[in-house]
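Results of the structural survey
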2 protein chains.
Amino acid sequence: MLDNFPKIGILGGGQLGKMLLSEAHQWSLPVTVMDSDVNAVCKQVCHDFVHGDLLNYHDVMNFGSKVDVVTIEIEKVNLEALKKLEQNGKTVIPQPSVLEIIQNKVKQKQFYKKHQIATSRFQSFDSLESLKSAILNNEMELPLIWKAARFGYDGYGVKKIDSLAGLDSLDDNECLTEELVDLSKELSVIVCRTPSGDTSCFPVVEMEFNSLSNQVEYILCPARVSKTIENQAIQLALKVSESFQHYGLLAIELFLDKNQNLMVNEVAPRPHNSGHWSIEGAYSSQYQQHLSALLDLPLKNTSIKSPSVMVNLVGKEGYSGPVVYENLERVHTISNAYLHLYGKEMTRPNRKMGHITILNQELNAAYHQAQKLKQQIQIISN
Amino acid sequence: MLDNFPKIGILGGGQLGKMLLSEAHQWSLPVTVMDSDVNAVCKQVCHDFVHGDLLNYHDVMNFGSKVDVVTIEIEKVNLEALKKLEQNGKTVIPQPSVLEIIQNKVKQKQFYKKHQIATSRFQSFDSLESLKSAILNNEMELPLIWKAARFGYDGYGVKKIDSLAGLDSLDDNECLTEELVDLSKELSVIVCRTPSGDTSCFPVVEMEFNSLSNQVEYILCPARVSKTIENQAIQLALKVSESFQHYGLLAIELFLDKNQNLMVNEVAPRPHNSGHWSIEGAYSSQYQQHLSALLDLPLKNTSIKSPSVMVNLVGKEGYSGPVVYENLERVHTISNAYLHLYGKEMTRPNRKMGHITILNQELNAAYHQAQKLKQQIQIISN
């Protein structure tokens, strides 16, 4: 391995780590990955894979001690170990102080309030019981959005509550409720910052969610919004980024309501599903930006090469087991369609198994092509 | 690993294999690599690396027996094993019959003659001694170009001979001589063919050689030639491709002489240095094309996204040993400059250690940027 470069350690070995690794391979950077799953997809493309528990203090400390720069591809990691590693002089990106706020959605909401960043109204509860009491006492108006304070992802840990009964299946942990936003669109802006203070910002993209799974299904870049909204979204994202003073990527998910008001939904301090399009669609991808931040190098050109649509490929409902792909070759019927498969051995309903990005000067044409491919390609199990 | 895909084996673990692997990783294809160097760069990005001698029949047979599709990233491999593997029903790309012609430059020249493909005039000799006799007997006019029949690469196995003394340091093996061409430019066209007969062709690029090392130094895409020459070059390349009936990539190196005549210099049946630009500069890279051929999928869009210049980064004269890079961060001063480092631990004079591709709507501007970076970035050893 190369002696000139700091050694990078990635906590988490899923697809985000894998795409970051792919980018690191271009420079032959020395990178190691830790995951608790011995079959984590990063293992296939990484010569130096460590098996360890991301939430275990000693595992994270051991892993971090052997590298120069520690980063994450998942928020669910042991924070105390990251703090200690930072104290010991390791570069930790995002900084533990930033991750601590983001790991807890109550703290995140309070942070927006403190920094006067537009966000939907919310209330926090230290247990599900206290939320139930509040509803029973008519202190809360239904419907509302319930969110687990910690470690929700991909539609898990978020639920629309229409009645008290809707709370029955939920864990009795710290949580928050948000009032429903009369949504026009959901948008995302990804910002990158380096320790030296260089900042870059990707264009505003539009996120379309699957109404059944509550997961993002399509990303349209650029978002089909007015120039005014675009500028406001960028300004809001930069304000959030500036407030957090984070290093590395910060993906800022925004609500645009029917009155054209923008507000922050939540953020993720790592590569994000809403930035996969940038691998082919931007001059520099979110993964290249993040690596630059890890190495504290100047950031590069985030502008778009071509309008693009990304569609997630997820495991079909009703199938769990060793993965089988159907009709993948259809990707080759669409000009400028780029298939990414994450290499997961097992599929299960709604598991993110891959994605396709389609470049097309006509965004709506790309969207229709993506919808067609999504219908044709099935991810099942025998 | 995924069960849906045939298992691919790459003979050779250098940078061409590594870039092919990077592409295969996007689909999480099951790929294994064999190289005789236990530190081959592919090993860093490959979970399934095999140590073996590419020229040893049994090593190649063993390796090939465990995969479905065998391909190469270097021509210097055991041909008999590839023939046997093909007989045993394995897909071998390029086909051994094609590789057999290309491995031997005398056979290659005879092939062009037989197929009435324009090439420089040549004579073949079964030994250096017989060439010396011919010169002594005044049967040959000096200067001329000497080429070893087998296994020359990167400027090795090629020499301009001005006098008898110039032959002294050469190996006494089968060789050929070519008459000097009054060169205007050297061009390259890369064609891909699938077993099902789909064909794609990359734009004509211009190759600039380093006059001291005789290695390609810059690739300019598209080539700065007239539309007429461009069309002729494409037609000539397609004729060569059609004559070989190869599967996978074929890089066709062309001479353009001062009278605007095009002729074939030589070909390579694999990813080629003159196609690295396509990773960022084309909608589909040479590596994506080659993978499509390996899987017999329809080929994709080879047109250019942006004019581009690729510059090779090679080990500086006078330095051999563990590699040290100087001023790499300068890449970040150029918009849309993409650095690739191959991860070789040891540098030596003129060893290919990496490359940079620069996208710029103004080709000449990209060229000047590339020249500047080439001056700034030094690859040395302490």
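Residues numbered from 1 in each chain as written. Chains lettered and ligands numbered in written order. Predicted model: local features only at pLDDT ≥ 70, side-chain atom pairs only at ≥ 80, totals over all residues. Heavy atoms only, no water.

Another aspect to go through is the overall build of chain A. When helices and strands are counted, chain A shows 10 helices and 21 strands. A principal-axis box enclosing the C-alpha atoms of chain A has dimensions of 65 × 55 × 45 Å. Per-residue burial over chain A gives 61% buried out of 382 residues. Partitioning the intrachain contacts of chain A with sequence separation of at least 6 by distance along the chain shows that 64% fall at a separation of at least 24. Total accessible area on chain A is roughly 15000 Å²; 45% of this is exposed by carbon and sulfur atoms. Considering chain A, the positive charge centre built from 36 side chains and the negative charge centre built from 43 side chains are found 2 Å apart. (Helix = DSSP H or I, 4+ residues; strand = E, 2+ residues; numbered from the N terminus. Buried < 20%, exposed > 50% of the residue type's maximum accessible area, 1.4 Å probe, protein only. Contact = heavy atoms within 4.5 Å. Areas by Shrake-Rupley, 256 points an atom, 1.4 Å probe, with all protein chains shown as cover. Lys, Arg positive; Asp, Glu negative; His and termini not counted. Charge placed at Lys NZ, Arg CZ, Asp CG, Glu CD.)

Here we take up the packing of aromatic side chains. A full pass over the atoms with the stated rule returns 14 aromatic pairs over all chains. Between the aromatic rings of Phe202 of chain A and Trp277 of chain A, the centroid separation amounts to 6.0 Å while the plane-to-plane angle is 85°, which identifies the pairing as edge-to-face. With a gap of 75 residues between them, Phe202 of chain A in the loop between strand S11 (199-201) and strand S12 (205-209) and Trp277 of chain A in the loop between strand S15 (262-268) and helix H8 (278-281) connect regions that are remote in the sequence. What makes Phe202 of chain A buried here is its relative accessible area of 2%. Overall, the relative accessible area of 2% leaves Trp277 of chain A in the buried class. Following the ring pairs from residue to residue traces out a cluster consisting of Phe5 and Trp27 of chain A together with Tyr325 of chain B. Over the face of the ring belonging to Tyr338 of chain A we find Lys300 of chain B, whose NZ or CZ atom lies 5.6 Å from the ring centre. (Phe/Tyr/Trp six-rings, centres within 6.5 Å; stacked < 30°, edge-to-face > 60°. Lys NZ or Arg CZ within 6 Å of the ring centre and 35° of its normal.)

Below, the discussion takes up the sheet that holds strand S7 (residues 144-148) of chain A. Residues and elements named next belong to chain A. Strand order in this open sheet of four strands is S6-S9-S7-S8, and the pairing throughout is antiparallel. The sheet is open, and its two edges are formed by strand S6 (122-125) and strand S8 (158-161), each paired on a single side. Taking each pair of neighbouring strands and ignoring which way they run, the sheet shows an average axis angle of 25°. In terms of strand pairing, S7 meets strand S9 (residues 175-178) through four bridges, oriented antiparallel. Across the sheet, Ala148 pairs through a bridge with Cys175, a residue of S9. Across the face of the sheet, helix H6 (residues 128-136) comes into contact with S6, S7 and S9 while running at roughly 130° to S6. (Pairing = 2+ DSSP bridges. Axes fitted to C-alpha atoms, helices over the stretch in contact; angles between N-to-C directions.)

Facing 45 residues of chain B, the contacting portion of chain A comprises 45 residues. For the interface between chain B and chain A, the tally reads 24 residue pairs in polar contact (both at pLDDT 80 or more). For the side of chain B that touches chain A, the secondary structure elements donating two or more residues are helix H1 (15-26), helix H9 (286-294), strand S17 (321-326) and strand S18 (337-341) of chain B. By residue number, the principal contributor to the side of chain B that touches chain A is S18 of chain B, which donates five residues. When grouped by side-chain class, the residues that make up the side of chain B that touches chain A number 21 nonpolar, 16 polar and eight charged. (Polar contact = N/O pair within 3.5 Å; in protein donor to acceptor, adjacent residues only side chain to side chain. Nonpolar A, V, L, I, M, F, W, Y, C, P; charged D, E, K, R; others polar.)

The next thing to look at is the relation of the copies chain B and chain A. Screw-axis analysis of chain B against chain A gives a translation of 0.0 Å along the axis, an RMSD of 0.0 Å, and a rotation angle of 180°. Taken together, the rotation angle and the small translation identify this as a two-fold axis. When each C-alpha of chain B is compared by its distance to the rotation axis, Val45 of chain B comes out closest, at 2.5 Å. Of the interface residues in chain B, 100% have counterparts in chain A that sit at the interface too, so the contact is made through matching surfaces. (Least-squares fit on C-alpha atoms with pLDDT ≥ 70 in both.)

This paragraph deals with unusual backbone geometry. All names here are of chain A. At the junction of Ile93 and Pro94, the peptide bond is cis and its omega measures out at 0° in the coordinates. With respect to the secondary-structure elements, Pro94 resides in the loop between strand S5 (91-93) and helix H4 (96-103). Here the phi dihedral of Asn214 falls at roughly 65°; this positive angle occurs in a residue that is not glycine. Tracing the sequence through the fold places Asn214 in the loop between S12 and strand S13 (216-221). By relative accessible area, Asn214 is classed as partly exposed at 36%.

Looking at chain A as a whole, the pLDDT averages 94, with 98% of positions reaching at least 70. Both scores are given for the predicted complex: the pTM is 0.94, the ipTM 0.92. (pLDDT = per-residue confidence, 0-100.)

Residue and element names in this part refer to chain B. Taken together, three strands build an open sheet; the order of strands is S19-S17-S21 and the sheet is antiparallel. Every other strand in the sheet has two partners, leaving strand S19 (346-347) and strand S21 (378-381) as the edge strands with one partner each. The sheet contact formed by S17 and S21 spans four bridges and is antiparallel. Across the sheet, the residue bridging to Tyr325 is Ile379, located in S21.

Our focus in this paragraph is helix H3 (residues 79-87) of chain B. What sets the pattern is the α-helix's 3.6 residues per turn: residues three or four places apart point alike. Residue and element names in this part refer to chain B. Of the residues making up H3, those classed as buried are Leu79, Ala81, Leu82 and Leu85. Projected onto a plane normal to the axis of H3, the buried residues spread over an arc of 160° and lie on a single side. If you follow the buried residues of H3, they end up packed against strand S1 (8-11), helix H2 (57-65), strand S4 (69-72), strand S5 (91-93) and helix H4 (96-103). The N-capping residue of H3, defined by a side-chain oxygen 3.1 Å from the backbone nitrogen of Glu80, is Asn78. (Arc of directions from axis to C-beta.)

When their charged atoms lie close together, side chains carrying opposite charge are able to pair. All names here are of chain B. In total, this model carries 34 salt bridges over all chains according to the counting rule given. Here Asp182 makes a salt bridge to Lys258, at a shortest N to O gap of 3.4 Å. Here Asp182, found in the loop between strand S9 (175-178) and strand S10 (183-193), pairs with Lys258, found in the loop between strand S14 (248-257) and strand S15 (262-268); they are 76 residues apart in sequence, far enough to count as distant. A salt bridge links Glu217 to Lys374; the nearest nitrogen and oxygen atoms lie 3.6 Å apart. (Salt bridge = Lys/Arg side-chain N within 4 Å of Asp/Glu carboxyl O.)

Residues and elements named next belong to chain A. In this fold, Glu230 is placed in helix H7 (residues 227-244). Overall, the relative accessible area of 25% leaves Glu230 in the partly exposed class. In sequence terms Glu230 and Leu187 are 43 residues apart; their C-alpha atoms lie 9.6 Å from each other. Dropping the residues within four chain positions of it, Glu230 is found in contact with Val204 and Val225.

This part takes up the packing of helix H3 (residues 79-87) of chain A against H4 of chain A. All names here are of chain A. Remark: H3 packs on H4, axes separated minimally by 9 Å, with the N-to-C direction vectors making an angle of 165°. The angle between the axes of H3 and H4 places the two elements in the roughly antiparallel class. Seen along the crossing, H3 lies across H4 with a hand that is left-handed. Residues Leu79, Leu82, Lys83 and Glu86 of H3 lie in contact with H4, whose contacting residues are Pro96, Leu99, Glu100 and Gln103. A breakdown of the residues in the contact of H3 with H4 according to their chemical character gives four nonpolar, one polar and three charged. (Parallel < 35°, antiparallel > 145°, perpendicular 65-115°, else oblique. Left-handed = near helix turned anticlockwise from the far one by under 90°.)

It is at 11 Å that the axes of helix H1 (residues 15-26) of chain A and H1 of chain B come closest, and there the two elements cross at 165°. Here H1 of chain A lies roughly antiparallel to H1 of chain B, going by the angle between them. For the crossing formed where H1 of chain A meets H1 of chain B, the hand is left-handed. Taken together, the residues of H1 of chain B that come into contact with H1 of chain A (itself represented by Lys18, Ser22, His25 and Gln26 of chain A) are Lys18, Ser22, His25 and Gln26 of chain B.

What follows concerns the pairing of S17 of chain B. Bridging between S17 of chain B and S19 of chain B involves two bridges; their strand directions are antiparallel. By the bridge assignment for S19 of chain B, Pro322 of chain B is matched with Met346 of chain B.

A word on the environment of Phe63 of chain B. Residues and elements named next belong to chain B. Locating Phe63 in the fold gives a position in helix H2. Placed 44 residues apart in sequence, Phe63 and Lys107 show a C-alpha to C-alpha distance of 28 Å. Sequence-distant contacts of Phe63, that is, excluding residues within four places in its chain, are made with Gly9, Ile10, Leu11, Thr32, Val33, Met34 and Val50.

The subject of this paragraph is the side chain of Arg351 of chain B. All names here are of chain B. By the secondary structure assignment, Arg351 is in the loop between S19 and strand S20 (352-359). For the buried Arg351, which has no salt bridge, the nearest side chain bearing the opposite charge is Asp37, at an N-O separation of 5.1 Å. Here Arg351 is in contact with Leu313, Val314, Gly315, Lys344 and Met346, once residues within four sequence places are set aside.

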